Amino acid sequence: MNMDAVAARGLVLLGCGKMGSAMLAGWLEGGLPVGSVWVQDPFPSDWLKATGVHINEGFPNAPAVVLIAVKPQMMGEALPALAALPKDGTVFLSVAAGVSIASYEDALGKDASIVRAMPNTPAAVGKGITAIIGNRNSTSADLDLAEALLSAVGQVVRLSEESQMDAVTGVSGSGPAYVFYMIDALAAAGVAQGLPSDLAMQLAKATVAGAGVLAETANETPERLRINVTSPNGTTQAGLEVLMGEDALAPLMAATVKAATDRSKELGNG
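Rules used in this analysis
Residues numbered from 1 in each chain as written. Predicted model: local features only at pLDDT ≥ 70, side-chain atom pairs only at ≥ 80, totals over all residues. Heavy atoms only, no water. Patch = residues over 30% accessible without salt bridge, like charges linked within 9 Å, V, L, I, M, F, W, Y side chains within 5 Å. Areas by Shrake-Rupley, 256 points an atom, 1.4 Å probe, with all protein chains shown as cover. Salt bridge = Lys/Arg side-chain N within 4 Å of Asp/Glu carboxyl O. Helix = DSSP H or I, 4+ residues; strand = E, 2+ residues; numbered from the N terminus. Buried < 20%, exposed > 50% of the residue type's maximum accessible area, 1.4 Å probe, protein only. Arc of directions from axis to C-beta. Axes fitted to C-alpha atoms, helices over the stretch in contact; angles between N-to-C directions. Parallel < 35°, antiparallel > 145°, perpendicular 65-115°, else oblique. Left-handed = near helix turned anticlockwise from the far one by under 90°. Contact = heavy atoms within 4.5 Å. Lys, Arg positive; Asp, Glu negative; His and termini not counted. Polar contact = N/O pair within 3.5 Å; in protein donor to acceptor, adjacent residues only side chain to side chain. Pairing = 2+ DSSP bridges. Right-handed = clockwise from strand over helix to strand, strands pointing away.

## With respect to a nonpolar patch on the surface
- On the surface, Leu243, Met244, Leu249, Leu252 and Met253 cluster together into a nonpolar patch covering about 450 Å² of accessible area.
- Sort the elements by how many residues they give to the nonpolar patch and helix α12 (residues 249-268) lands first, with three residues.
- The residue leucine 249 is located in helix α12 in this model.

Set out below in structure tokens:
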């Protein structure tokens, strides 16, 4: 199944908040006809209304894809509406955090093709990264389709087992918040050294954003890029000696990601 099949048979979007809207914007920009999209959302945004897609008009007969993008706490209300849909040939793609494949199989039946995905918020600017894993009924074509859809908002990686999703949540799902906090901390440190706050914030944002692009596009590893910047006994080395101290960033980051991963496991177990 490819995007032509999605256009022909229709795509259902259950929930269209920030993540659903970011994805929908990417698909429409990529040429998906507005008439092929059916959105169910109790509070459609003005942006959504202006797109021309079907809103709260039910479902097409045999949609190619049903994207589940409601908040996890709304899942109990949302899933029964899907149970009546035909399962044959439809890919159920979930971007809801912490909802297991088994939960969907309980609601939709064991014969449904279910792909679970964990995107992150930079998807809103097309710079997200999403991890996916399918159930036993998901064919390679189903996963290819899920990847094609999710590629509209950034990179896609495939997991070998669902249990890895908790660690993905701890690294890339929650990770943007860690980086935003670091930007604030870097700016505040600049203010403490005598910079005006707006200038310090501009420097911190551009530095983190620029370093991220460089890390992604350079042939060297982040470790090599760091070494390249670090002159012996220079300013960077002085700063890194603090940041790379025994109880500094590395163990702190390990504890941070572990805490988020553990919480993801707790939420997944109800």
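## Description of helix α4 (residues 75-83)
- Buried within α4 we find Met75, Ala78, Leu79 and Leu82. On an axial view of α4, the arc spanned by its buried residues comes to 100°, and they lie on one face. In α4, the exposed residues that point more than 90 degrees away from the buried face are Gly76, Glu77 and Pro80.

## A look at the packing of helix α7 (residues 165-173) against α12
- For the pair α7 and α12, interaxial distance at closest approach is 8 Å and the crossing angle is 135°. When the axis of α7 is compared with that of α12, the two are oblique. Along this stretch, α7 crosses α12, giving a crossing that reads as right-handed. Listed contacts from α12 to Asp166, Ala167, Thr169, Gly170 and Val171 of α7 are Val257, Ala260, Thr261, Ser264 and Lys265.

## Things to note about the side chain of aspartate 41
- Mapped onto the elements of the fold, aspartate 41 is located in the loop between β2 (37-40) and α3 (46-51).
- The side chain of aspartate 41 sits in the buried core without any salt bridge; lysine 71 is the nearest counter-charge, 8.7 Å away.
- Separated by 2.8 Å, the side chain of aspartate 41 and the backbone nitrogen of phenylalanine 43 make a polar contact.
- When near neighbours in sequence (up to four residues on either side) are disregarded, aspartate 41 contacts Gly15, Cys16, Gly17 and Asn56.

## Focus on the pairing of strand β4 (residues 65-68)
- Taking every second residue as pointing to the same face, both faces of β4 are buried, with Val65 and Leu67 on one and Val66 and Ile68 on the other.
- Sheet topology note: the strand β1 (residues 11-14)/β4 ladder contains four bridges and is parallel. Following the sheet pairing, valine 12 is matched in β4 by valine 66.
- For β4 and strand β5 (residues 91-94), the ladder comprises four bridges, and the chain directions are parallel. Bridge assignment links valine 66 to a residue of β5, and that residue is phenylalanine 92.
- Once the chain exits β4 it traverses α4 before rejoining the sheet at β5, and the crossover so formed is right-handed.

## Examining the pattern of salt bridges
- According to the stated counting rule, one finds seven salt bridges in the structure shown.
- In this structure, aspartate 106 and lysine 110 form a salt bridge, with 3.9 Å as the shortest nitrogen-oxygen distance. By the burial criterion, aspartate 106 is exposed, and lysine 110 matches it.
- Its salt-bridge partner being lysine 258, residue aspartate 262 comes within 2.7 Å of it at the nearest N-O pair. With a gap of four residues between them, aspartate 262 and lysine 258 both fall in helix α12, about one helical turn apart.

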